[in-house]
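# Architecture at a glance
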Amino acid sequence: RQLADEDVVRGLAAEVAGVTELRDALSAEARGDSLEALRLFQRASGSLGESGSASASEELELAQRGRRACLLRLGRWGELRAATEALVQPGGDGLGTWRESAHEPWVRMLL
């Protein structure tokens with residue numbers, strides 16, 4: 001039996017994501033439906049942000065990255081800028097410090 005691309009993505013998403021909204025967001029993103037994926041990533045971020053577990057933290061990061069990718073594809077520059085600025089913590093020099101070097105390309109795009 002041949003599997004469609006979406007079936008493969010759903011299978012992989014089920015392995016990675018424990019939250020239904022996150023699995024559905026990954027599937028919507030794979031289908032190219034950025035608007036639906038954005039809505040689901042936002043919903044997943046909200047529910048994951050309330051949990052304090054280590055796995056929820058990793059899933060929250062995945063949801064936030066997915067949200068930023070959708071914002072980029074949809075051209076929602078103001079929202080993308082706000083999401084990117086939220087990644088920067090205030091530093092002593094006023095320039096801020098990176099939480100994670102993986103976010104640097106997002107900020108470079110906006111600066």
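Turning next to a nonpolar patch on the surface. On the surface, a cluster of nonpolar side chains totalling about 280 Å² of accessible area is made up of Leu 72, Trp 77 and Met 109. The exposure class assigned to Trp 77 is partly exposed, which follows from its relative accessible area of 47%.

Okay, the nonpolar core next. Counting 18 residues, the largest nonpolar core has Leu 22, Phe 41, Leu 48 and Ala 63 as its most contacted members. Elements that contribute at least two residues to this core include exactly helix H2 (20-31), helix H3 (34-49), helix H4 (54-74) and helix H5 (77-85). Take this core: its biggest share by element is six residues, from H3.

With that settled, consider H5. Residues of H5 that are buried: Leu 80, Ala 83 and Thr 84. Around the axis of H5, the buried residues are gathered within 100° of arc, so they sit on the same side.

With that out of the way, let us pick up the pattern of salt bridges. Counting across every chain of the model gives five salt bridges. Between Arg 39 and Glu 36 there is a salt bridge, with the nearest N and O atoms lying 2.5 Å from each other. Of this pair, Arg 39 and Glu 36 both sit in helix H3, three residues apart, which is roughly one turn of the helix. Note on Arg 39: relative accessible area 35%, which makes it partly exposed. On the accessibility criterion, Glu 36 (24% relative accessible area) is partly exposed.

What counts, and where the lines are drawn
Residues numbered from 1 in each chain as written. Predicted model: local features only at pLDDT ≥ 70, side-chain atom pairs only at ≥ 80, totals over all residues. Heavy atoms only, no water. Patch = residues over 30% accessible without salt bridge, like charges linked within 9 Å, V, L, I, M, F, W, Y side chains within 5 Å. Areas by Shrake-Rupley, 256 points an atom, 1.4 Å probe, with all protein chains shown as cover. Salt bridge = Lys/Arg side-chain N within 4 Å of Asp/Glu carboxyl O. Buried < 20%, exposed > 50% of the residue type's maximum accessible area, 1.4 Å probe, protein only. Core = buried A, V, L, I, M, F, W, Y, C linked by side-chain atoms within 4.5 Å. Helix = DSSP H or I, 4+ residues; strand = E, 2+ residues; numbered from the N terminus. Arc of directions from axis to C-beta.

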